[in-house]
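Survey of secondary and tertiary structure
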Amino acid sequence: MDQKTTVLTKVHSLENGKIFEIIINRPEVHNCVNGETADLLLQAWNRFREDDELVVAILRGSGDKSFCAGADLNALNTLVNINASDDEIRRWARNGTGPMGGTRVVQRKPVITISQGYTYAGGLELFCHGHIRIAEKQAMFSVACRRWGVPLADGGTVYLPWLIGPGAALPLIITGQRIRADRAQEIGLVWEVTPKGKGYERAMKYAKQICSMPRDALMADLSSAIEGYGRSLEDALEIEAKGIYPVLKSKSIKEGVEKFQKGTRFWFR
C-alpha cells in the first residue's frame, strides 16, 4: 500500500476467498473526500464489483478520530461542476457515479463499514453503503452538512429511510442532530457496537466467516433483498424466484448439502 495516496487498498487472501480493504487516508482533515479521493474510491468500488475473487469489502477511515467527516468543502469544485449546463446536469443525474466516489455503484457483494469516530454528512452516506455496519462505542453520526446548506448527494436520502425507516431518518435529515453509537444501534443505523479500538478486528472476523460460507446462495439472496425492496410483493417474490435455480445447479450447494449430511454444523459468530 502507498501510504501517500488518499485511498489505500489491500487484498487479504484466504483459502475460500479474498477480502478487499478500502481505507480513506486523509486523517489530517478527518478523512474528508476531495476530487482525488473520490476518483480513487470510484476505482476501488469498480474493482470490487468486477473482480469475482473479491468476496467481501471493508471500508474504514484511517486514524483514530474519524471514519469520514464528509465532502471537503474547501475543494467542493473538485467534486461537482457548479457551472454545469442543463444537459450536463441531466446526464449527471442519470449516469453519474456520485460526488463522493462510486456511491451510486450498487454493490451486490457484502460490504462492511466501520466507524471509529466522526461519521458526518457524506461520510454518513458512505457508512450507510455497508450491508453490515459496525461502530466503536465513541463513534458519532450526523447529517452535519445541514449546518452549511449542503445537500445529501451520495444516497443519504435513499439509504437512511431504507435502512432505518422514515420515522428515524427524517429527524436526522431535517435537524443534523448528532447521535452516538448506542443511539445509532437503537434505531438500526448500526448493527453492532464494539469497544474502542475493536471495530476493525470485529469486521475482519465477519469478513473471514463470510468467505468461509457457500457463496452462490449468499450472493443470490443479497441481490434479491436489494432488488426486491420497495417493489410490490408479487414482483419481489418473482425476483427471488429467478435467482433460485442457478443456485440449485451450483457446485456450492452440492458441497454444502454434503457437509450437512456428514454432520457439519456451525453458527455465524
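Residues numbered from 1 in each chain as written. Predicted model: local features only at pLDDT ≥ 70, side-chain atom pairs only at ≥ 80, totals over all residues. Heavy atoms only, no water.

- In the annotation of an unreviewed UniProt entry, the entry for the protein chain reads Enoyl-CoA hydratase, and the organism field reads Leptospira perolatii.
- Turning to the protein chain, the UniProt record has this under Sequence similarities (unreviewed entry): "Belongs to the enoyl-CoA hydratase/isomerase family." (UniProt positions renumbered as here; feature names shortened; annotations may be inferred.)

**Considerations on the packing of aromatic side chains**
- One pass over the full model with this rule turns up seven aromatic pairs.
- The interplanar angle of 50 degrees and the centroid separation of 5.1 Å between the aromatic rings of Phe-127 and Phe-141 together place this pair among those described as tilted. With Phe-127 in helix H3 (residues 122-128) and Phe-141 in strand S8 (residues 140-142), this residue pair connects regions lying 14 residues apart in the sequence.
- Judged by its relative accessible area of 1%, Phe-141 is buried.
- Each ring, one from Tyr-206 and one from Phe-268, has its centre 5.4 Å from the other, and the planes form 35 degrees; the classification is tilted. (Phe/Tyr/Trp six-rings, centres within 6.5 Å; stacked < 30°, edge-to-face > 60°. Helix = DSSP H or I, 4+ residues; strand = E, 2+ residues; numbered from the N terminus. Buried < 20%, exposed > 50% of the residue type's maximum accessible area, 1.4 Å probe, protein only.)

**A look at the sheet that holds strand S5 (residues 111-115)**
- Reading across from one edge, S1-S2-S3-S5-S7-S10 is the order of the six strands in this open sheet, with mixed pairing throughout. At either end of the open sheet lies a strand with only one pairing partner, and these are strand S1 (7-14) and strand S10 (192-194). Adjacent strand axes in the sheet meet at a mean angle of 20 degrees, parallel and antiparallel pairs treated alike.
- Pairing between strand S7 (residues 132-136) and S10: three bridges, direction parallel. Looking at S10, one finds that Ile-134 is bridged to Glu-192.
- Running at roughly 170 degrees to strand S3 (residues 54-61), helix H7 (residues 199-212) makes contact with S1, strand S2 (17-24), S3, S5, S7 and S10 of the sheet. (Pairing = 2+ DSSP bridges. Axes fitted to C-alpha atoms, helices over the stretch in contact; angles between N-to-C directions. Contact = heavy atoms within 4.5 Å.)

**Some remarks on the pattern of salt bridges**
- For the structure shown, the criterion picks out 12 salt bridges.
- With a shortest N-O distance of 3.1 Å, Glu-186 and Arg-183 are connected by a salt bridge. Of this pair, Glu-186 and Arg-183 both sit in helix H6 (residues 181-186), three residues apart, roughly one helical turn.
- Taking the relative accessible area as the measure of exposure, Glu-186 reaches 60% and is therefore exposed.
- Among the residues examined, Arg-183 registers a relative accessible area of 42% and is labelled partly exposed.
- The partner of Glu-227 in a salt bridge is Arg-231, and the shortest N-O contact between them spans 3.8 Å.
- Judged by relative accessible area, Glu-227 falls into the partly exposed class, the value being 24%.
- Among the ionic contacts, a cluster of salt bridges with common partners joins Arg-108, Glu-227 and Arg-231. (Salt bridge = Lys/Arg side-chain N within 4 Å of Asp/Glu carboxyl O.)

**Considering the pairing of S1**
- Pairing between S1 and S2: eight bridges, direction antiparallel. Paired with Ser-13 across the strands is Lys-18, a residue of S2.
- Hairpin connection, S1 to S2: the antiparallel pair is bridged by two residues.

**Brief notes about the nonpolar core**
- Ranked by internal contacts, the top residues of the largest apolar core, which has 42 residues, are Phe-141, Leu-160 and Leu-189.
- For this core, the secondary-structure elements that each account for two or more residues are S2, helix H1 (35-50), S3, strand S4 (66-68), H3, helix H4 (156-164), helix H5 (166-175) and H6.
- The element best represented in this core is H1, accounting for five residues.
- Apart from residues lying up to four places away in sequence, Leu-160 is in contact with Leu-124, Cys-128, Val-143, Gly-155, Gly-165, Ala-169, Ile-173 and Leu-189. (Core = buried A, V, L, I, M, F, W, Y, C linked by side-chain atoms within 4.5 Å.)

**Here we look at the domain arrangement of the protein chain**
- Split into domains, the protein chain comes out as domain 1 (7-212) and domain 2 (215-262).
- On a C-alpha basis, the centres of domain 1 and domain 2 stand 27 Å from each other.
- At the interface, 12 residues of domain 1 touch eight residues of domain 2.
- Counting the surface lost from both domain 1 and domain 2, the interface buries some 900 Å², and carbon and sulfur atoms represent 62% of this. (Domains from an automatic or database assignment. Buried area = accessible area lost by both parts, 1.4 Å probe.)

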